[in-house]
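# Structural overview
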Amino acid sequence: MAVPKRKTTPSRRGKRRAADALKKPTYIESADSGELHRPHHIDLASGMYRGKQILTPKGD
């Protein structure tokens, strides 16, 4: 069984765990509808993606 040779210091442990923090998801405002949506995703309110109509608008 592998056993560490030295104790991991609190600062080294903290540096490793620094990437574990959760970040809030990013939202951008659509240019044509003004709705918020995730970047690189289809805007479900208008059905547009990168200036092209992909889906029919929802709820019309």
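A brief structural summary. (Residues numbered from 1 in each chain as written. Predicted model: local features only at pLDDT ≥ 70, side-chain atom pairs only at ≥ 80, totals over all residues. Heavy atoms only, no water.)

Turning our eyes to something else, we now look at the overall build of the protein chain. Each helix and strand in the protein chain was counted, giving one helix and four strands. Across the protein chain, helices and strands are ordered from the amino to the carboxyl terminus as α-β-β-β-β. Whereas a compact globule of 60 residues would reach a radius of gyration of roughly 10 Å, the protein chain reaches 22 Å, over 25% beyond that. By its C-alpha atoms, the protein chain is 65 × 25 × 20 Å across when sized along the principal axes. Burial statistics for the protein chain: of 60 residues in total, 8% are counted as buried. Accessible surface, the protein chain as shown: approximately 6000 Å² in total, 55% of it carbon and sulfur. Side chains of the protein chain carry 14 positive and 6 negative charges; the gap between the two charge centres is 28 Å. (Helix = DSSP H or I, 4+ residues; strand = E, 2+ residues; numbered from the N terminus. Rg over C-alpha atoms; globule rule 2.2 N^0.38 Å. Buried < 20%, exposed > 50% of the residue type's maximum accessible area, 1.4 Å probe, protein only. Areas by Shrake-Rupley, 256 points an atom, 1.4 Å probe, with all protein chains shown as cover. Lys, Arg positive; Asp, Glu negative; His and termini not counted. Charge placed at Lys NZ, Arg CZ, Asp CG, Glu CD.)

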